[in-house]
Amino acid sequence: MVQYIVRRLLYSIPVIVGVTLITFILLNVVPGDPVLEMVGKYADPETIQQIREQLGLNDPLVVQYLRFLFNLLRGDLGRSFKTNLPVSKMIADTFPTTLKLALSSYLVAIALGVTTGIISAVKQYSFLDRFMMILALAGISAPVFWVAVVAQLIFGLKLGWFPISGYYSFKHMILPAIVLGTRFAASIARYTRSALLDVIRQDYIRTARAKGLAERRVIFVHALKNAMIPVVTILGMQLSGLLTGSILTETVFAIPGLGRLSVWALSQRDFPLVQGTVVFTAIVYILGNLIVDISYAFLNPRVRLK
């Protein structure tokens, strides 16, 4: 197990290097000057050149990229062009908020998705099954920002149940968590239904029913555990997606998380902050997938990690 984890972490190094290289190229290809964003277009040209020299932006691109990689190896993500704060500190300050939002949404997604998937599978081809699958399809198709705005209008402005923006208490997190979690719940519901339908047609399920076991025991004890193996893959990817894909939700609800920080960094052309958030996001995604693979061995003893 330890060897497998170490090998997977070593394999992730080229992935992180590739992500940093692509991000670096894109930041330097897109038109615009980060120094002009800092000082404004009416600044003195000599001042602009002096700042560019201080930030190392006049060095060849290869030198800039290798310097970033060297600092990354030392755990140094640099300082923000705009605030002059360490990038690692800015990420550390905002990530807990994103983590709370992601975990809250994750619980909403699992509760709604797995429950809906089980009911649809057990009641296959019934009105309830079709209705839930239509809702799931609508949940997958609807853009997050559209769902967020509609939820703000109905539950925030019209009914007054929840605050529509900001992050000051637990109540501020409820509506964003439901909005973000509902979309992922739709995917989980469809995968749970499909996996459970495959399992309940197996011979050992027929045998369990022939022995006279209660249907609830057959579903929850014998079928659901095996059906959850493919669903766990989706759950793991969803968690990584929730952590890294909350950009729109945080922006619409004005939540000071990592996603909103990334959008702000892009709008300000803050190169170190953009690169830092991208690297951090890539690491979160890689660790999320690693946890999914490890969980296979616990859910299914036939799976061995080599």
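For the structure itself, look to the data block above.
Residues numbered from 1 in each chain as written. Predicted model: local features only at pLDDT ≥ 70, side-chain atom pairs only at ≥ 80, totals over all residues. Heavy atoms only, no water.

A. Summary view of helix H3 (residues 45–55). Within H3, the full set of buried residues consists of Ile48, Ile51 and Arg52. Angular distribution of buried residues about the axis of H3 spans 100°; they occupy a single face of the element. Of the residues in H3, the exposed ones pointing more than 90 degrees away from the buried face are Glu46, Glu53 and Gln54. Where H3 is buried, its residues meet helix H2 (34–39). Where H3 begins, the capping side chain belongs to Asp44, and its oxygen is found 3.1 Å from the backbone nitrogen of Glu46. Remark: Gly56 follows H3 within two positions and exhibits a positive phi of approximately 80°. (Buried < 20%, exposed > 50% of the residue type's maximum accessible area, 1.4 Å probe, protein only. Helix = DSSP H or I, 4+ residues; strand = E, 2+ residues; numbered from the N terminus. Arc of directions from axis to C-beta. Contact = heavy atoms within 4.5 Å. Polar contact = N/O pair within 3.5 Å; in protein donor to acceptor, adjacent residues only side chain to side chain.)

B. Region of the structure containing helix H6 (residues 127–141). Relative to the 21 Å expected for 15 residues at 1.5 Å per residue, H6 spans 21 Å between its end C-alpha atoms, a close match to the ideal helical length. Among all positions of H6, only Asp129, Met132, Met133, Ala136 and Gly139 are buried. In an axial view of H6, the angular spread of the buried residues amounts to 115°, which keeps them on one side of the axis. Across H6 from its buried face, at more than 90 degrees, point the exposed residues Phe127, Ile134 and Ser141. (Expected span 1.5 Å × (residues − 1).)

C. Representation of the nonpolar core within the structure. Counting 57 residues, the largest nonpolar core has Ile188, Leu196 and Ile200 as its most contacted members. At the level of elements, H3, helix H5 (87–122), helix H7 (144–158), helix H8 (170–199), helix H9 (203–210), helix H10 (215–244), helix H12 (258–267) and helix H13 (271–299) are the ones that each hand at least two residues to this core. At twelve residues, H8 tops the list of elements feeding residues into this core. Setting aside anything within four residues of it in sequence, one finds Ile188 in contact with Ala109, Ile110, Gly113, Val114, Val231, Ile234, Leu235 and Gln238. Ranked by size, the runner-up nonpolar core spans seven residues in total, among them Ile16, Tyr65, Leu69 and Val279. (Core = buried A, V, L, I, M, F, W, Y, C linked by side-chain atoms within 4.5 Å.)

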